Amino acid sequence: MHPSRVVTGTVAVILILTVATGPLGLYDVPETQATDELGEGNATITVVSTPETIPLEYGRYGNDEYHLRVPAAVVDVENLSGNPILNYNLDIEAMGKSKSSVHFLDELGEGRQHITFADSAMAESAVENQSYEAHIELVLRTNGTERVVYEGPATIEVEE
Amino acid sequence: MTARGYRHRLGRLLFRDRLGLTLFLGVLCVTLLSWRTGIVINDNITLRETLAALADGHVWIEPATGEYLRSPGTGVRDGFVYGRNYGQLVLSLPALWGLQILDALADLHVALAALWHLLVLAFVVQLGHIRGYRRMAAYGGSGLVLVSFLANLAVATSFDPSLSLLALQMTAAVAVAFAAVGLYRLVTLRRGRRRGLLAGVGLAAATPAMFWGLVPKRHAFSLTIVVGLLYAFARSRRGDGTVSLPVVGSVPVYRAGAYALVALLAWIHAEEGVYLFLALVLVDIPTAPSNDRRTLAFVAAVFALSLVPFFVTNLFVAGELLKPPRSVFGGFFETGASGGGSGGSGGGSGGGGSGGGRSLLSVLVALLPSQAVWVAGNVWGSLLTGVSGMLDTQNMYNTFVHSSVENVNEDVGFRGINLSVLEAAPVFGAALAGGLAGLSTHVRNRDWHLDPVVVFAAVLTIAVVLTKAGRLPLRVQVTVRYLLPVYALGVFLIADSTIGAWLSDTHRSLAVWSYAGGVAIGGQLLFLALVFGDFAVGEAARLHALLGVALGLAVAVTCLAGLADRRFRSAAVVAVGLAAAASTVFVLLAGLYYFSFTGEYILPVVDFVVDRLPSTG
């Protein structure tokens, strides 16, 4: 087949497939994670381990911020139905800061899961002490209710 | 002429030749790989809303009642909220209309992915034409593109982004691609196609230009207009700088074109337009082939005509002919008062006010003199600020050589990326050697005629730096974005110099392999280090900075050595290749990793992969 025929053919196929997703409705593109499903459902969470110390590290390579590196909490997820939300909350009263990470259990699935916490940066001026008391929570949100799966203290260790 | 004939003529006009077209497509495809639907910098919101307003048929965004838009860059006048950068917005209107049509025809996510794949197919086909393997390009390219498109179709989910934002991004990306083509044409004019291609690819690969192609601020347009300016200037100085028109005879189109481009920039950002106008006049008038009355009349006529959109916009937005939209925000030149602030309000009230005189003639007659004084005062004040900024050596060092950490961290959330010019484009270490090479040629031949194009490039560089020197360091710069045109000028000067010859002629394969190896191997190593070293983005930024300075230094040293002794040229070429690779890796990481949180990717597969990468701090 002549090269330009191949190219024209490919262009035609792409165009046809594209238009098929339009008002003709021949192919329905799925919606991004159906939002009405978020928070609906249920799961049984057993907490395996949670961090006791959380490093607050000074930036490397000349970066002059502090970085909070919260270790992952490990939980067992069972009897999962729907898409409940698990919040990993951190509250540092002395600094007046609260941070939270959101996890959708539908994406994680059942079994042993590592619930991570997104690193966050703080300005140098915000950090004065060598350590801070913090409060950790794991909260399960299902069908409009909140269940605190775990709560306890942790110590933030400032590392230069 | 046949349809094919018109197509060829248009192609030649836009891209010069097939190589230019291929370059354009390649740059566009790589840029759009990182295309995301979100906002990176806050005043994108202003531009997005103003464009939507323009599409609805009015220059104001909304009435300033109740809860109205207050994003950075908006200003309120006479009870209406106005935006800025109207020139850029009007240029983005065709893209917006195209997107609206696409949205009606098909699922937008799929349609945009299809568009990208068609661009890639076009790129591969054109590449096949140039390199002589048409069959392989056609079959292989079609196969790969089809497979990739099907994969994207499989993971696509529909989304609902702002069409105005997408239109702004598309137009900016196209502008950057044209900047690469512009450099290609400029250097080809002077040194042949190989060097031209080096310049075009160099802009995309060795500078952060592609990053700014997706952030819809004016910088992509300033970049392209400056390149266009230099090209028009160069073209006008050659024998073929004139065109014969039916009634008027032989006219200097390229010279006039340069002034038209300045007017276009003024429509987008008045202050930059003024500086570039001064730069152009300073170099154009003394070095012009002829300054007879007919030539000057033609140039002046074209310039005046090109300024009409600028004047009309000013009239509608700020109410006065010479007051650009930014004066509504507060002050003519963004800072508010640099000697001209009080004069501004005086000029307004003295000139009969914004409400009166809708008749254009009466407006001109009544306002022009006081307005001119006001403008002159502002320009003078701004120049003084700029010059004093340039004389601040610490500031200039931080901007051009090694960035200082203190400049950024007012806003801890913004990822702390604030690279200096050298750190973002380490290849500029070769600038010194390139300059010396040029100088030594002059000395050796005892020829002191200065090349007007090189002089103009130098003057443009100073002009661009002056626009912001007095106000640097600023937050949220990432790669000194206000000086983006300087990157293009730097690439031009290096590609045009002897160093360029090493890269594109004598040591070509070494250059290509060093670059490819740097990106493929160095890029992956860096990425692994980022992930396993648990780097926060702020730390990664400093790592890039250190890498940039180190490579820049290596480039500078090896290039100087290469000038002295040709045995060092291989080392210099390797250094430049690696330096360019560092820039490319930064742009790719910035688009696909550091800023991946700003919206969904247009390409579903990219979205899919990036979502599964370990996230940064």
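Residues numbered from 1 in each chain as written. Chains lettered and ligands numbered in written order. Predicted model: local features only at pLDDT ≥ 70, side-chain atom pairs only at ≥ 80, totals over all residues. Heavy atoms only, no water.

Enquirer: I'm lost on the overall build of chain B in this one. Help?
Expert: Each helix and strand counted, chain B has 26 helices and five strands in total. Its C-alpha radius of gyration of 24 Å places chain B within 12% of the 25 Å reference for a compact globule of 617 residues. Taking the principal axes of its C-alpha atoms as reference, chain B extends roughly 65 × 65 × 60 Å. Taking all 617 residues of chain B together, 56% fall into the buried category. Counted over contacts in chain B with a minimum sequence separation of 6, partners at least 24 positions apart contribute 77%. Counting every atom, chain B has about 25,200 Å² of accessible surface; 66% of that belongs to carbon and sulfur. Where the 44 positive side-chain charges of chain B centre and where its 32 negative ones centre are 13 Å apart. (Helix = DSSP H or I, 4+ residues; strand = E, 2+ residues; numbered from the N terminus. Rg over C-alpha atoms; globule rule 2.2 N^0.38 Å. Buried < 20%, exposed > 50% of the residue type's maximum accessible area, 1.4 Å probe, protein only. Contact = heavy atoms within 4.5 Å. Areas by Shrake-Rupley, 256 points an atom, 1.4 Å probe, with all protein chains shown as cover. Lys, Arg positive; Asp, Glu negative; His and termini not counted. Charge placed at Lys NZ, Arg CZ, Asp CG, Glu CD.)

Enquirer: When you look at the interface of chain A and chain B in this model, what are you seeing that I'm missing?
Expert: One widely used convention gives an interface's size as the accessible area the parts lose upon coming together. In this assembly, 35 residues from chain A lie in contact with 38 residues from chain B. At the boundary of chain A with chain B, the tally comes to three salt bridges. For Arg69(A), the salt bridge goes to Asp534(B), with nearest N and O atoms at 3.7 Å. Applying the counting rule to chain A against chain B returns seven residue pairs in polar contact (both at pLDDT 80 or more). Elements represented by at least two residues in the side of chain A that touches chain B include exactly α1 (3-20), β3 (65-68) and β8 (120-123) of chain A. (Salt bridge = Lys/Arg side-chain N within 4 Å of Asp/Glu carboxyl O. Polar contact = N/O pair within 3.5 Å; in protein donor to acceptor, adjacent residues only side chain to side chain.)

Enquirer: So what exactly am I meant to see when it comes to the sheet that holds strand β1 (residues 41-49) of chain A here?
Expert: Sheets are built from strands that pair by backbone hydrogen bonding, the pairs being arranged parallel or antiparallel. Residue and element names in this part refer to chain A. As summarised here, the arrangement of the three strands in space is β1-β4-β7, forming an open sheet in which the pairing is antiparallel. Each of the sheet's edge strands pairs with one partner strand only, and the pair in question is β1 and β7 (111-115). In this sheet, neighbouring strand axes are inclined to one another by 35° on average, regardless of whether the strands run parallel or antiparallel. One ladder, built from seven bridges, connects β1 with strand β4 (residues 73-82); its direction is antiparallel. For Thr-44, the partnering residue across the bridge sits in β4 and is Glu-78. (Pairing = 2+ DSSP bridges. Axes fitted to C-alpha atoms, helices over the stretch in contact; angles between N-to-C directions.)

Enquirer: Explanation requested: the pattern of salt bridges in the structure shown.
Expert: If the charged atoms of two oppositely charged side chains come close together, the side chains can form a pair. In the structure shown here, the tally under the stated rule is 16 salt bridges over all chains. Two residues, Arg69(A) and Glu539(B), come together in a salt bridge whose shortest N-O distance is 2.9 Å. Separated into two different chains, Arg69(A) in the loop between β3 and β4 and Glu539(B) in helix α24 (residues 537-564) make up a pair that spans both. With respect to class, Arg69(A) is no different from Glu539(B); both count as buried.

Enquirer: Is there a simple way to think about the packing of aromatic side chains in this case?
Expert: Two aromatic rings, taken as a pair, are described by how far apart their centres are and by the angle between their planes. All chains considered together, the criterion is met by 17 aromatic pairs over all chains. Ring centres 5.0 Å apart and planes at 90° place the aromatic pair Phe211(B) and Trp212(B) in the edge-to-face group. Residues Phe211(B) and Trp212(B) agree in their burial class; the two are buried. In textbook terms, an aromatic cluster arises when at least three aromatic residues are bridged by ring pairs, as seen for Phe15(B), Phe24(B) and Phe178(B). The ring of Phe535(B) is capped by Arg60(A), whose NZ or CZ atom sits 4.5 Å from the centre of that ring. Positioned above the aromatic ring of Phe608(B) is the side chain of Arg612(B), whose terminal nitrogen or guanidinium carbon lies 3.9 Å from the ring centre. (Phe/Tyr/Trp six-rings, centres within 6.5 Å; stacked < 30°, edge-to-face > 60°. Lys NZ or Arg CZ within 6 Å of the ring centre and 35° of its normal.)

Enquirer: Please explain the environment of Val281(B) as it appears in this structure.
Expert: Residues and elements named next belong to chain B. As for its position among the elements, Val-281 is in helix α12 (residues 270-287). Overall, the relative accessible area of 29% leaves Val-281 in the partly exposed class. Separated by 291 residues in sequence, Val-281 and Ala-572 place their C-alpha atoms 37 Å apart. Those residues in contact with Val-281, other than ones at most four positions away along the chain, are Tyr-259 and Pro-286.

Enquirer: Teacher, can you tell me more about the sheet that holds strand β3 (residues 80-82) of chain B here?
Expert: Residue and element names in this part refer to chain B. Pairing is antiparallel in the open sheet, where three strands are placed in the order β1-β3-β2. Looking at strand neighbours, the two that pair on one side only are β1 (60-63) and β2 (75-77), the edges of this open sheet. Geometrically, the sheet is characterised by an average inter-axis angle of 35° between neighbouring strands, direction not taken into account. Of the pairings in the sheet, the one linking β2 to β3 comprises three bridges and is antiparallel in character. Within the sheet, the bridge partner assigned to Arg-77 lies in β3 and is Phe-80.

Enquirer: Can you help me understand unusual backbone geometry in this one?
Expert: Backbone phi values are negative for most residues with the exception of glycine, while trans is the configuration of most peptide bonds. We note that Asn143(A) has phi near 45°; this positive angle belongs to a residue other than glycine. Of note, Asn143(A) is situated in the loop between β9 (131-142) and β10 (145-159). Within the chain, Arg16(B) stands out as a residue other than glycine whose phi angle is a positive 80°. With respect to the element layout, Arg16(B) can be found in the loop between α1 (3-15) and α2 (18-33). Relative accessible area serves as the criterion here: at 32%, Arg16(B) is assigned to the partly exposed category.

Enquirer: Is there a simple way to think about the packing of helix α5 (residues 108-131) of chain B against helix α6 (residues 134-155) of chain B in this case?
Expert: How two helices pack is summed up by the angle between their axes together with the distance between the axes. Residue and element names in this part refer to chain B. Contact geometry of α5 with α6 gives a least axis separation of 9 Å together with a crossing angle of 165°. The angle between α5 and α6 falls in the class roughly antiparallel. Once α5 is placed against α6, the crossing between them reads as right-handed. For the pair α5 and α6, contact is made by Val-110, Ala-113, Ala-114, His-117, Val-120, Leu-121, Val-124, Val-125, Gly-128 and His-129 and by Arg-134, Ala-137, Gly-141, Ser-142, Val-145, Ser-148, Phe-149, Asn-152 and Leu-153, respectively. The residue inventory of the contact of α5 with α6, partitioned by class, reads eleven nonpolar, seven polar and one charged. (Parallel < 35°, antiparallel > 145°, perpendicular 65-115°, else oblique. Left-handed = near helix turned anticlockwise from the far one by under 90°. Nonpolar A, V, L, I, M, F, W, Y, C, P; charged D, E, K, R; others polar.)

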